[in-house]
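Remarks on the overall topology
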Amino acid sequence: MDSVFQRLAPYLVPQARRGVVGSSRYAKALREQLRLAANNKIEQPVLLMGEPGLEKDNLAALIHFSSAQRRLPLIRLDGALLRADGAELFGMGRPSLLECLNGGTLLIDKFDKAPPALQTRLLELGDQHQGRLILTSETALPALDSSCFLIRVPPLRVRRQDLGEWLRYGIRQRSRKLGWAKPPSLAPGIVERLQQHDFPNNIRELEELIYRALQQAKADLPEQLPEDVFWTASRGTPARFDLWRWKPQLRFWLRSPRLWNVLLFGLVSWLFVLVNLWLWLGPQDRAHNGALNLFWAWWWPLILLGFPFVGRLWCSFCPFMVWGEISQRIATRIGWQPARWPRGNTDRWASPLLAAGFAAILLWEELGAMESSPWLSSCLLLVITAGAVLGSLAFEKRFWCRYLCPVGGMNGLFAKLSILELRAQAGTCSGSCSSYACFKGGPAEGEGLATSGCPLGTHPAHLSDNRNCVLCLTCAQACAHRSVQLNLRPPAADLQRQLAVPAGEPALFLVLAGGVVLHHWQQSAANNWPLALGYLALPGLIGLVFRCFVSGQQWRHGLYGMLPLLWAILLARHLPLGMGEAGMLLPVSFGDSWPGWSADSHVLAFCQSAVLIVGVAGSLLLLRRLLLGEGRLLWLTTALTVVLGLGGRWLVA
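Quick summary incoming for the structure in this document. (Residues numbered from 1 in each chain as written. Predicted model: local features only at pLDDT ≥ 70, side-chain atom pairs only at ≥ 80, totals over all residues. Heavy atoms only, no water.)

Of note, Leu30 is situated in helix H2 (residues 25-38). A sequence separation of 122 residues divides Leu30 from Arg152, and the C-alpha atoms of the two residues are 8.2 Å apart. In contact with Leu30, not counting residues within four places along its chain, are Val20, Leu59, Ile151, Val153, Pro154 and Arg159. (Helix = DSSP H or I, 4+ residues; strand = E, 2+ residues; numbered from the N terminus. Contact = heavy atoms within 4.5 Å.)

The next point concerns helix H14 (residues 319-333). Taking 1.5 Å of rise per residue, 15 residues should cover 21 Å, and H14 covers 21 Å from first to last C-alpha, within 8% of that figure. Within H14, the full set of buried residues consists of Pro319, Phe320, Met321, Val322, Gly324, Glu325, Ile326, Gln328 and Ala331. Just past H14, the residue Gly335 takes up positive phi, approximately 110°. (Expected span 1.5 Å × (residues − 1). Buried < 20%, exposed > 50% of the residue type's maximum accessible area, 1.4 Å probe, protein only.)

On to the pattern of salt bridges. The full count for this structure, using the stated rule, is 29 salt bridges. Among the ionic pairs, Arg17 bridges to Asp57, the shortest N-O distance being 3.2 Å. Of this pair, Arg17 sits in the loop between helix H1 (2-8) and H2 while Asp57 sits in helix H3 (residues 56-65), placing them 40 residues apart in sequence. Owing to a relative accessible area of 46%, Arg17 belongs among the partly exposed residues under this scheme. (Salt bridge = Lys/Arg side-chain N within 4 Å of Asp/Glu carboxyl O.)

A word on the pairing of strand S3 (residues 105-109). S3 sits mainly inside the fold: 5 of its 5 residues count as buried. Because side chains alternate across S3, one face comprises the buried residues Thr105, Leu107 and Asp109, and the other comprises Leu106 and Ile108, equally buried. The sheet contact formed by strand S2 (residues 74-78) and S3 spans 5 bridges and is parallel. Bridging from a neighbouring strand, Ile75 pairs with Leu106 of S3. Direction of pairing for S3 relative to strand S4 (residues 132-137): parallel, over a ladder of 4 bridges. (Pairing = 2+ DSSP bridges.)

A grouping of Leu267, Leu271, Leu274, Leu277, Trp280, Leu281, Trp375 and Leu382 is seen on the molecular surface, where their side chains present a nonpolar patch of about 840 Å² in accessible area. Secondary structure elements with two or more residues in the nonpolar patch: helix H12 (257-281) and helix H16 (374-394). The biggest single contributor to the nonpolar patch is H12, with 6 residues. Here Leu267 is to be found in helix H12. (Patch = residues over 30% accessible without salt bridge, like charges linked within 9 Å, V, L, I, M, F, W, Y side chains within 5 Å. Areas by Shrake-Rupley, 256 points an atom, 1.4 Å probe, with all protein chains shown as cover.)

One open sheet accounts for 5 strands, arranged S2-S3-S4-S1-S5; its pairing is parallel. At either end of the open sheet lies a strand with only one pairing partner, and these are S2 and strand S5 (149-152). Neighbouring strand axes in the sheet, compared pairwise and without regard to direction, differ in orientation by 20° on average. The pairing of strand S1 (residues 46-49) with S4 spans 4 bridges and is parallel. Counted as the bridge partner of Leu47 is Leu135 from S4. Against the sheet, H2 engages S1, S4 and S5, with an angle of about 160° to S5. (Axes fitted to C-alpha atoms, helices over the stretch in contact; angles between N-to-C directions.)

Further remarks concern the nonpolar core. With 136 residues, the main nonpolar core has Leu167, Leu206, Phe230, Phe414, Leu422 and Leu512 as its most contacted residues. Looking at which element gives the most residues to this core, the answer is helix H25 (residues 563-581), with 12 residues. With sequence-adjacent residues up to four places away left out, Leu167 is seen in contact with Leu186, Val191, Leu194, Leu206, Leu209, Ile210 and Phe230. (Core = buried A, V, L, I, M, F, W, Y, C linked by side-chain atoms within 4.5 Å.)

Mapped onto the elements, Glu421 comes out in strand S9 (residues 420-424). Within the structure, the side chain of Glu421 is placed 2.6 Å from the side chain of Arg240, a separation counted as a polar contact. (Polar contact = N/O pair within 3.5 Å; in protein donor to acceptor, adjacent residues only side chain to side chain.)

Right, let's get into the sheet that holds strand S10 (residues 484-488). An order of S8-S10-S9 is seen for the 3 strands of this open sheet, with the pairing classed as antiparallel. In this open sheet, the two edge strands, each paired with only one partner strand, are strand S8 (241-242) and S9. As paired elements, S9 and S10 share 5 bridges and run antiparallel to each other. Considered in S10, the bridge of Arg423 is made with Gln485.

Moving on, we get to H3. A large share of H3 lies buried, amounting to 9 of its 10 residues. Buried within H3 we find Lys56, Asp57, Asn58, Leu59, Ala60, Ala61, Leu62, Ile63 and His64. Those residues of H3 hidden inside the fold are in contact with H2, S1, S2, S3, S4 and S5.

On to the packing of aromatic side chains, then. In this structure the tally under the stated criterion is 16 aromatic pairs. When the ring of Phe307 is compared with that of Phe414, the centres are 5.3 Å apart and the planes differ by 20°; the resulting orientation is stacked. Taken together, the positions of Phe307 in helix H13 (residues 290-310) and Phe414 in helix H18 (residues 406-414) put the pair 107 residues apart, joining distant regions of the chain. Grouping residues by exposure puts Phe307 and Phe414 together as buried. Summarising the aromatic geometry, the rings of Trp349 and Phe399 are spaced 6.4 Å apart at their centres and angled 35° between planes, so their arrangement reads as tilted. Of this pair, Trp349 sits in helix H15 (residues 347-367) while Phe399 sits in helix H17 (residues 399-404); the two residues are 50 residues apart in sequence, bridging distant segments of the chain. Members of the aromatic cluster, each reached through a chain of ring pairs, are Phe295, Trp296, Trp299, Trp300, Trp314 and Phe317. Across from the ring centre of Tyr26, 4.4 Å away, lies the NZ or CZ of Arg25, which sits over that ring. Positioned above the aromatic ring of Trp246, the side-chain terminus of Lys247 is 5.2 Å from the ring centre. (Phe/Tyr/Trp six-rings, centres within 6.5 Å; stacked < 30°, edge-to-face > 60°. Lys NZ or Arg CZ within 6 Å of the ring centre and 35° of its normal.)

The structure is reproduced here in structure tokens:
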């Protein structure tokens, strides 16, 4: 007996590691199939087929230990390591494993990797093995379908409903081994974020993710695991060009704190004060106030023109938040302590407020003739600045910028079109970093500089799009491992089929489209709030009608496919100001004797048409990416894009 045990010992499977976790229909169906296989009275061979990392060997153990043969041994052999003559199984000069098994269960893992000759021999064991045969395979084996009890194991990406249960189960198991008296809970939003990941290595990858998260958090033993300790590998992405690898000196120049401090606190902050004083104390008409010219003829067209190139860069030196930061620093020095950054899905309530805020600005702009009123333009700037200051006093960092600023929301929406992105390498961060200074802040470490952390509370390795990155380079300053990269990429690379859409962003999209309609008919809506609201809501009503005929995902894909067109319409709507009045800054500010220029109306019309052609073409290409395989819906949205492009040209004429 001892010799038999010694022979089987290297291959014995003592028990199943776990059951089937989850309550989805896929998990229930898998449990039922395992039960049927275990109770199969004719002991038909079982074939477990599925992708790598699904722990098919554990499912085989569940079948064995749930069957009538549970008291007999179960041995596991790796098919990829078996010799073609099957010496391990059939003896060849010493007692064979099949003889020692004596009616137990034989598990051949990775059966598809075994030599073909041995596969045939194993399936013809017959009298040599009176026990159960269980096979696992990562590829389809059609020849075995009729001779085996086939169980197809679903990958983790189709069982996203089970992910929360898997995470909590894995955390309970791992935390006990690490000595935690009470397993930590999960911060809100973790499951939703991880459900966007496909987990190509399935349960094996999920186990590694949980292990790394607990290892990184065990020093503090938090009651709740933060979102930032969960790392996922990025999906396959289009080609990237690392600017800092190409020009290393550029990295050191751009991350210089002196550069940013001089720009933000020495220039932008005081320039903002001077502009507002100019708006209030200068001439109160459009033809003689240079600050009004700067605001409407320079700032708006340039910020729209910059979206495809630098994304949300404007937010990194936005004067609203510069004064918010100044207020926060003054308040902390006199003893005020802002609340910690709130966790959870804040977008659920903040994004609708953001969209409503932008709608209020558009109504105020058109009904109040703000483009021609310096003091009203200054009031708008001061109202947004007040929001930034109050947000900075309420919460640490830039909570206002990330969730509530209407201009920031628009910038985040169009930043998805940018050819520039800032990202960190998840492998380097999870394997080399334990300080998380890039988003938490902290003292200098190695090559990293002392910083207060990401102003938007985002880890650069967790970014799935440009929405929450303002390119302030704080993470690059703090990183001691050169993990952060500044990349060039194809336009609109963020907009993929697996796009995670914030709760209120589609509403902001429709509000911006409604602003163009309102601007076109603003004379008929003058002093008529109900009519103005109707014009503003018109694209939203059309969008809701469209939503009634397609699924939510298809509706969002169609909407985001038209993002280049919306950007083009907005830019074309502001081109008359930029090309017609920006060159008149000196005459407007200092008198008619100063030189100025203004584009010819035909040149202006040509540029508007060219911008809209670019927007339509970009949307057609993007819709093909987002709605590929949708057939009729793709043709419908394509036709709608062309019609809206023509209608947009008429609206901004």
